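Given next are the chains, with one letter for each unit.
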Amino acid sequence: DDVLISVRNLKKYFPITAGWLKKQVGQIKAIDDVSLDIRKGETFGLVGESGSGKSTVARLMLRAYSLTDGQILFRGADGSVTDLSSLTDRQMRTMRREMQMIFQDPYSSLNPRMTLLELVGEPLKIHGVGTPAEIRDRVSELLQVVGLRPEYINRYPHAFSGGQRQRIGIARALALNPSFIAADEAVSALDVSVAAQNINLLQDLQEKFGLTYLFITHDLGMVEHISDRVGVMYLGRLMETAPTDKLFAKPLHPYTEALMAAVPQPDPRGNRTRKRVPLKGEIANAANPPSGCSFHPRCPYAQPKCSAEVPALRSVAGDRQVRCHFAEELSLIGVTA
Ligand code: SF4
Ligand code: MG
């Protein structure tokens, strides 16, 4: 099997407490029953509006947050499968060599008091990999790998531009030879041309080191460009997953359609004409999500059943999944042209 990480029924609930006794009066279902597979060597794009839970899914997968329920099955190089949800923090520390994260803000995610040697070498030091001399060599090599000059090794982050700082973060993430990297809005804070350069770098590194990526963004154009497959999140639930080309050719979930329609996407080939369905209303409050299909107050196709029953995420058309009661009917009448 070529699946590297399989997320099964992932849940993260936060208690809502009140009063000085901290009595629990409810719960926020930040992540509600998310299941997805990420295949070895692919880029899986996770999209959705802010507050949809995409970053939380990544942090749960890396066990940066504790999960309420579910499994995270990770396949090692030897083929053995480990359920990360059952590991102790100590056991997870070893696994973390395989799984790294790149963050959005290149200005706040690097400690300004540390040199590049210290920043990029820190994971090696923490995991006890190499002598100081070996760590210095490895950091020089990593700087070159991400297109930074090894002479910069004793400089501090403030000497670098946003795009370069992002590369420092990438070098740090690569230090322990991970097989999986989660990039959370990794280039969203950068100018378009700098972002494009760093995206190209990430793609080169993927090929060179056989990396698997989870790429989190609110930018549909970005996700279409970089991903092999895409998952669309809304209010802590996965609404649709599909191979990228199929998703963009024909979304099956009304929320995906609305997201796409909300972004003007000129198509030079002129063969992707979409009926524009404006995304009405605000994203709902996760503490008090709508009943049934959580998208129903904003869905132009909502029926009585939609507010009464939570639709399951189900497989359709072979390699796609959709969480909508009426996906087939809508698809028949042609949600998109
Ligand atoms: Fe719209 Fe109903 Fe489908 Fe939800 S289940 S997306 S409300 S049609
Ligand atoms: Mg986020």
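Residues numbered from 1 in each chain as written. Chains lettered and ligands numbered in written order. Predicted model: local features only at pLDDT ≥ 70, side-chain atom pairs only at ≥ 80, totals over all residues. Heavy atoms only, no water.

A. Summary view of the site of ligand 1. As a matter of local geometry, ligand 1 sits amid His253, Pro254, Cys293, His296, Cys299, Tyr301, Ala302, Cys306, Cys324, His325 and Phe326. Of the residues in the shell around ligand 1, the class split is eight nonpolar, three polar and no charged. (Near = heavy atom within 4 Å. Nonpolar A, V, L, I, M, F, W, Y, C, P; charged D, E, K, R; others polar.)

B. Examining the sheet that holds strand S3 (residues 43-47) more closely. With mixed pairing, the eight strands of this open sheet are ordered in space as S6-S7-S8-S3-S9-S10-S12-S11. Each of the sheet's edge strands pairs with one partner strand only, and the pair in question is strand S6 (99-102) and strand S11 (314-316). Across this sheet, the average inter-strand angle for adjacent strands is 25°, counted without regard to direction. Pairing geometry for S11 and strand S12 (residues 320-322), over three bridges, is antiparallel. In the sheet register, Arg314 faces S12, and the bridge partner there is Val322. Sitting on the sheet, helix H1 (residues 54-61) is in contact with S3, S6, strand S7 (180-184), strand S8 (212-217) and strand S9 (229-234), with an inclination near 150° to S8. Across the face of the sheet, helix H5 (residues 162-174) comes into contact with S6 and S7 while running at roughly 175° to S6. (Pairing = 2+ DSSP bridges. Helix = DSSP H or I, 4+ residues; strand = E, 2+ residues; numbered from the N terminus. Axes fitted to C-alpha atoms, helices over the stretch in contact; angles between N-to-C directions. Contact = heavy atoms within 4.5 Å.)

C. Spotlight on the pattern of salt bridges. A complete count under the given rule lists twelve salt bridges for this structure. As a salt-bridge pair, Glu151 and Arg149 come within 3.3 Å of each other at their nearest N and O atoms. Arg149 gets classed as partly exposed once you look at its relative accessible area, which sits at 48%. Asp319 is paired through a salt bridge with Lys246; the nearest N and O atoms lie 2.9 Å apart. One end of the pair, Asp319, is in the loop between S11 and S12; the other, Lys246, is in helix H8 (residues 244-249), with 73 residues separating them in the sequence. (Salt bridge = Lys/Arg side-chain N within 4 Å of Asp/Glu carboxyl O. Buried < 20%, exposed > 50% of the residue type's maximum accessible area, 1.4 Å probe, protein only.)

D. The arrangement of the confidence of the model for the protein in detail. Summarising the model, the protein shows a mean pLDDT of 89, and 91% of its residues fall at 70 or more. In the predicted structure, residues 267-275 sits below a pLDDT of 50 and forms twelve contacts with residues beyond four places in sequence or in another chain. (pLDDT = per-residue confidence, 0-100.)

E. Representation of the environment of His325 within the structure. You can see His325 is positioned in the loop between S12 and helix H11 (327-333). On the accessibility criterion, His325 (15% relative accessible area) is buried. When the C-alpha positions of His325 and Arg63 are compared, they lie 32 Å apart, and in sequence the two are 262 residues distant. With sequence-adjacent residues up to four places away left out, His325 is seen in contact with Lys305, Cys306, Glu309, Val310, Pro311 and Arg314.

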